[in-house]
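Now for the letters of each chain:
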Amino acid sequence: MPAEPILSPVERAFLAAARRAVLATIDPEGQPRLVPICHVVGDDDKLGRPLLYTPIDDKPKTTPNPRQLSRMRDLLILPAATILADRWDEDWTRLGWLRVYGRAEILEPQPHEVEEHAWAVAALRAKYAQYADHRLEDKPIIRIAIDRARAWGELSSPDR
């Protein structure tokens, strides 16, 4: 008998459609670090875990070296990542959120990862027109293999 999927079809659609989410990492002092992100959802990996990709883009950063960003350093030390996607509405019957937990890895545009990295860049540009002139192909992308999820509220409404 097959195991239940980590994300239901409704949860997967909610996460994929979300225009923004929040990435939480743990800093060296054990404190949560929250960063708003853009993202895309890919296929499942060989273990059945949905994959989420978030770029290091050209928006202004505290350092020009993407590998020196706090979120990147956090994930290299402790690869645990949490993503929160939510919907706010004045009609509280439409409120909903999805929190996913997983393990992060840094994809580099290197030969052994070039195909997956290129797929993520193309998917991000298809979802976000703003990325048309960002140099995503030259920068790392964070890949999160989702291993569990928690949802609350109304996730199935089509208009976000």
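Each value, and the rule that gives it
- Residues numbered from 1 in each chain as written.
- Predicted model: local features only at pLDDT ≥ 70, side-chain atom pairs only at ≥ 80, totals over all residues.
- Heavy atoms only, no water.
- Helix = DSSP H or I, 4+ residues; strand = E, 2+ residues; numbered from the N terminus.
- Buried < 20%, exposed > 50% of the residue type's maximum accessible area, 1.4 Å probe, protein only.
- Lys, Arg positive; Asp, Glu negative; His and termini not counted.
- Salt bridge = Lys/Arg side-chain N within 4 Å of Asp/Glu carboxyl O.
- Contact = heavy atoms within 4.5 Å.
- Pairing = 2+ DSSP bridges.
- Core = buried A, V, L, I, M, F, W, Y, C linked by side-chain atoms within 4.5 Å.
- Expected span 1.5 Å × (residues − 1).
- Arc of directions from axis to C-beta.

I'd love a proper account of the side chain of Lys127, names of residues and values included.
Here Lys127 lies in helix H3 (residues 114–127). For the buried Lys127, no salt bridge exists, and the shortest N-O distance to an oppositely charged side chain is 12 Å, to Asp86. Lys127 has contacts with Leu15, Ala16, Ala17, Ala18, Arg19, His39 and Val40, leaving out every residue within four places of it along the chain.

Explain the pattern of salt bridges to me, using residue names and the numbers behind them.
Side chains that differ in sign of charge can pair as their charged atoms come close. Summed over the entire model, instances satisfying the criterion amount to 13 salt bridges. Asp58 is the partner of Arg135 in a salt bridge, and the nearest nitrogen-oxygen pair spans 3.5 Å. Separated by 77 residues along the polypeptide, Arg135 in the loop between H3 and strand E7 (141–153) and Asp58 in the loop between strand E4 (50–55) and helix H2 (70–77) bring together distant segments of the chain. The partly exposed category is assigned to Arg135, whose relative accessible area is 46%. We note a salt bridge from Arg143 to Glu116, for which the minimum N-O separation is 2.6 Å. Of this pair, Arg143 sits in strand E7 while Glu116 sits in helix H3, and the two are 27 residues apart along the sequence. Look at the salt bridges and you will find they share partners, linking Asp57, Lys59 and Lys61 into a network.

Any details on the pairing of strand E3 (residues 40–44)? Residues and values, ideally.
As paired elements, E3 and E4 share 3 bridges and run antiparallel to each other. Bridging from a neighbouring strand, Val41 pairs with Leu52 of E4. Taken together, E3 and the strand that follows it, E4, pair antiparallel across an intervening segment of 5 residues, in which Gly48 is found at a positive phi of about 85°.

Break down the nonpolar core for me, with residues and values.
Grouped together as the largest cluster of nonpolar side chains are 25 residues, with contacts concentrated most on Leu15, Leu23, Ile83, Val100, Ile142 and Ile144. When contributions to this core are tallied by element, the ones reaching two or more residues are helix H1 (9–17), strand E1 (21–26), strand E2 (32–37), H2, strand E5 (80–87), strand E6 (96–107) and E7. By size, the runner-up hydrophobic cluster in this structure holds 14 residues, among which are Val121, Ala123, Tyr131 and Ala145.

Please give an account of H3 that cites residues and values.
Here H3 is 14 residues long and its end C-alpha atoms lie 20 Å apart, about the 20 Å a rise of 1.5 Å per residue gives. Within H3, the full set of buried residues consists of His117, Ala120, Val121, Ala123, Leu124 and Lys127. Along the axis of H3, the buried residues cluster in a sector spanning 165°; they form a single face. Facing away from the buried surface of H3 by more than 90 degrees, the exposed residues are Glu115 and Ala126.

Read these as spatial facts, not as claims about activity.
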